[in-house]
Amino acid sequence: MEVKYLDHFNIRAPKGQLSEVKDFYIDILGFKVGFRPKLSGPGQWLYAGSNAMVHLSEDENRTSRKGEDFLDHIAMRCVGVNEFAKKLNKYSIQYRLAYIPEIEITQLFFKDPAGVTIELNFTGEKLLE
């Protein structure tokens, strides 16, 4: 398994605040709203060029104005999904598996020791059972 690069970060906030966040990234940093596959829950993906770098997700349960309450996960683009799943199993790290057929991505989600969710994305790879 090899991590290639940081893929995106996800911000979860109530709808009204998420709109402010979206406007900030568009107006200040020049991001553009772009394609988002059909995922559970409302949200938007903001692109820098052809990269969906900021994922915005509505979550009415997040009510604080502190940034650390809204950072949901860190995602990395990787290769070697089967090798990495074996490593997680070896270290008894529980993970959640997801597959998004529209963009042919297998995802592994797990927590680091500080409780931050890590998302690993494997394009064109599937986890063998």
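## Digging into the overall build of the chain
Part 1 of the argument: The helix and strand inventory of the chain stands at 2 helices and 8 strands.
Part 2 of the argument: Each helix and strand of the chain, placed in order from N terminus to C terminus, yields the pattern β-α-β-β-β-β-α-β-β-β.
Part 3 of the argument: Computed over the C-alpha atoms, the radius of gyration of the chain is 15 Å, within 12% of the 14 Å expected from 2.2 N^0.38 for a compact globule of 129 residues.
Part 4 of the argument: The principal-axis extents of the C-alpha atoms in the chain amount to approximately 40 × 30 × 25 Å.
Part 5 of the argument: Across the 129 residues of the chain, 37% fall into the buried class.
Part 6 of the argument: Within the chain, contacts between residues at least 6 apart in sequence are counted, and of these 56% link residues at least 24 apart.
Part 7 of the argument: Looking at the chain as shown, the accessible area adds up to about 8,000 Å², and 54% of this sits on carbon and sulfur atoms.
Part 8 of the argument: Put simply, the chain has 17 plus and 18 minus side-chain charges, and the middle of one group is 2 Å from the middle of the other.

## Considerations on the sheet that holds strand E2 (residues 32–34)
Part 1 of the argument: Read from one edge of the open sheet, 8 strands run E2-E3-E4-E1-E5-E8-E7-E6, paired in mixed fashion. What marks the edges here is a single partner per strand, and that holds for E2 and strand E6 (96–100). Each strand axis lies, on average, 30 degrees off the axis of its neighbour in the sheet, ignoring direction.
Part 2 of the argument: Relative to strand E8 (residues 117–123), strand E5 (residues 71–79) is paired through 6 bridges, and the arrangement is parallel.

## Structural notes on the side chain of Thr117
Part 1 of the argument: In this fold, Thr117 is placed in strand E8.
Part 2 of the argument: Given a relative accessible area of 15%, Thr117 falls into the buried group.
Part 3 of the argument: Within polar-contact distance, the side chain of Thr117 engages the side chain of Lys111 at 2.9 Å.

## Comments concerning the confidence of the model for the chain
Reading predicted coordinates in detail is not appropriate for stretches of low pLDDT.
Part 1 of the argument: In the predicted model, the chain carries a mean pLDDT of 88, and the fraction of residues at 70 or more is 94%.
Part 2 of the argument: Summarising per-element confidence for the chain, the mean pLDDT is lowest in E5 (86) and highest in E2 (97).

## Comments concerning helix H2 (residues 81–90)
Part 1 of the argument: Taken as a whole, H2 has its buried residues at Val81, Phe84, Ala85 and Leu88. Summarising the axial view, the buried residues of H2 lie within an arc of 105 degrees, below the 170-degree limit, and thus occupy one face. Relative to its buried face, H2 has exposed residues pointing more than 90 degrees away, namely Glu83, Lys86 and Lys90.
Part 2 of the argument: Among the structural elements, E5, strand E7 (105–111) and E8 are those in contact with the buried residues of H2.
Part 3 of the argument: With its phi angle positive at about 55 degrees, Ser92 sits one or two positions after the end of H2.

## Brief notes about the pattern of salt bridges
Part 1 of the argument: This model, assessed by the stated rule, comprises 3 salt bridges.
Part 2 of the argument: A salt bridge links Glu2 to Lys4; the nearest nitrogen and oxygen atoms lie 3.5 Å apart.
Part 3 of the argument: Residue Glu2 is classed as partly exposed on the basis of its relative accessible area, which comes to 41%.
Part 4 of the argument: Relative accessible area serves as the criterion here: at 47%, Lys4 is assigned to the partly exposed category.
Part 5 of the argument: In this structure, Lys22 engages Asp23 in a salt bridge whose closest nitrogen and oxygen atoms are separated by 3.6 Å.
Part 6 of the argument: Residue class for Asp23 comes out partly exposed when judged on its relative accessible area of 33%.

What counts as what
Residues numbered from 1 in each chain as written. Predicted model: local features only at pLDDT ≥ 70, side-chain atom pairs only at ≥ 80, totals over all residues. Heavy atoms only, no water. Helix = DSSP H or I, 4+ residues; strand = E, 2+ residues; numbered from the N terminus. Rg over C-alpha atoms; globule rule 2.2 N^0.38 Å. Buried < 20%, exposed > 50% of the residue type's maximum accessible area, 1.4 Å probe, protein only. Contact = heavy atoms within 4.5 Å. Areas by Shrake-Rupley, 256 points an atom, 1.4 Å probe, with all protein chains shown as cover. Lys, Arg positive; Asp, Glu negative; His and termini not counted. Charge placed at Lys NZ, Arg CZ, Asp CG, Glu CD. Pairing = 2+ DSSP bridges. Axes fitted to C-alpha atoms, helices over the stretch in contact; angles between N-to-C directions. Polar contact = N/O pair within 3.5 Å; in protein donor to acceptor, adjacent residues only side chain to side chain. pLDDT = per-residue confidence, 0-100. Arc of directions from axis to C-beta. Salt bridge = Lys/Arg side-chain N within 4 Å of Asp/Glu carboxyl O.

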